[in-house]
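Overview (structure and organization)
What follows is each chain in one-letter form.
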Amino acid sequence: TNRLLTVTGAWELWSVCLCAFYIYGIYQTAKARSYLQYVKRKVRAPPTPPYKHVCQVGDPVLRGQAAAVDPGAVRGPEVQRVIGTLVEVMRKLDCVGLSAPQIGVPLRILAVEYPEKMLEESSPASIEARGLVAVPLRVFVNPELRVLDGRTALFQEACESISGFSASVPRYVTVEVSGLNEKAERVSWRASGWPARILQHEMDHLNGVLYIDRMDSKTFINICWQMHNE
Ligand SMILES: [Zn+2]
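Described in the following lines is the structure provided in the data block. Computed from a prediction, not measured in an experiment: that's the story for all the values here.

Moving on, we come to the pairing of strand 4 (residues 165-180). When strand 3 (residues 135-157) meets strand 4, the two strands line up antiparallel, connected through 12 bridges. Bridged to Q156 within strand 4 is S168. Pairing between strand 4 and strand 6 (residues 221-222): 2 bridges, direction antiparallel. From the neighbouring strand, F165 faces strand 6, where its bridge partner is N222. Adjacent in sequence and paired antiparallel, strand 4 and strand 5 (residues 186-192) are bridged by 5 residues, among which A184 carries a positive phi angle near 70 degrees.

Have a look at this one:
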C-alpha cells in the first residue's frame, strides 16, 4: 500500500508537473512570440530618411526651417539619393510637387513635375481657369523665389502631408525661382498659373509653412466628405 501510494503520489506529482509544464509551455510560447516580434523589429529596423513615404502633419520635420545644401555636395551620393527618392515618391503618389522635408530630410530641395497625361485628364475650362500647363521634371536645390506679379489667384489645393483634405489658398500668379538643379548648375525659371502655385506651395515647405497656414479656413474640406453620406 505504502508503495502503491508512493507510486500514485509519484504519478500525481508527475501529472502536476506535466500540467505545470503545459502552462509553462503556453507561457513560453507567448513569450517566444513576443520575443520573435522583438527580434523582427530588431532585424527590420524602422525606415530612416529619405523615406519612401510622405511625413504627415504633426511631424516636426514639416515645421522646421530646412537647411541650405552645400553646393559642392549636390552631385555627391547623399544629396543624389535624396533627389532620387524625392522624384520616386512624387511619381509613386501622382503628385505634382514634393519637397525634401516631406520625405523626412530637412534640406532645401524641391521637385516639380506636371505630366502631360494629367493635363489630358483636365477639362479645357479647368486648364484655362487654373493656368494648367505640362511641366517636365524640374529639381531645385537652395531655391530663391521672387514674385513677379503681385496679383493672387484663389484655388483649392491639397498636400500629401495633410492627406485627405483640401482648401482654397491664395497664390501669386507669376513667380520666378532660381537656384541649382540636380547637376549643381545655376538655373532660373519663370512660372505662371498652376506651376507658380506648385512652386509657392513647395517653397513654403522649405520654411516650415503648410497651406493650412494660408488657407481660407471656411473652404477646408475632407476630400471624401460626400462618400460619408452614401
Ligand atoms: Zn505639400
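A few words now on the environment of T152. Counting through the fold element by element, T152 comes out in strand 3. Overall, the presence of 13 C-beta atoms within 10 Å leaves T152 in the partly exposed class. The contacts of T152, once residues within four sequence positions are left out, are P170, R171, Y172 and V173.

With that settled, the discussion passes to unusual backbone geometry. Glycine aside, the phi torsion of most residues is negative, and most peptide linkages are trans. Following P49, the chain continues into P50 via a peptide bond in cis, with omega recorded as 0 degrees. With respect to the secondary-structure elements, P50 resides in the loop between helix 1 (2-43) and helix 2 (77-92). Non-glycine residue N142 carries a positive phi angle of around 50 degrees. Mapped onto the secondary structure, N142 falls in strand 3. Phi is positive for A184, which is not a glycine, with a value near 70 degrees. Here A184 shows up in the loop between strand 4 and strand 5.

This part covers the nonpolar core. Formed by 37 residues in total, the largest nonpolar core has its most connected members in V82, L86, A100, I109 and L199. Not counting residues within four places of it along the chain, the set of residues in contact with L199 comprises V112, L145, V175, V177 and A191.

Before going further, it helps to spend a moment on the pairing of strand 2 (residues 109-114). Summarising burial for strand 2: 5 of the 6 residues are buried, a large majority. Bridge count for strand 1 (residues 97-99) against strand 2 is 3 bridges, and the pairing is antiparallel. Pairing of L98 across the sheet is with A111, part of strand 2. Relative to strand 3, strand 2 runs antiparallel, the two sharing 5 bridges. Looking at strand 3, one finds that A111 is bridged to V139.

About the cut-offs
Residues numbered from 1 in each chain as written. Predicted model: local features only at pLDDT ≥ 70, side-chain atom pairs only at ≥ 80, totals over all residues. Pairing = 2+ DSSP bridges. Helix = DSSP H or I, 4+ residues; strand = E, 2+ residues; numbered from the N terminus. Buried ≥ 20, exposed ≤ 12 C-beta atoms within 10 Å, placed from the backbone. Contact = placed C-beta atoms within 7 Å. Core = buried A, V, L, I, M, F, W, Y, C linked by C-beta atoms within 7 Å.

Honestly, it's all geometry; don't read function into it.
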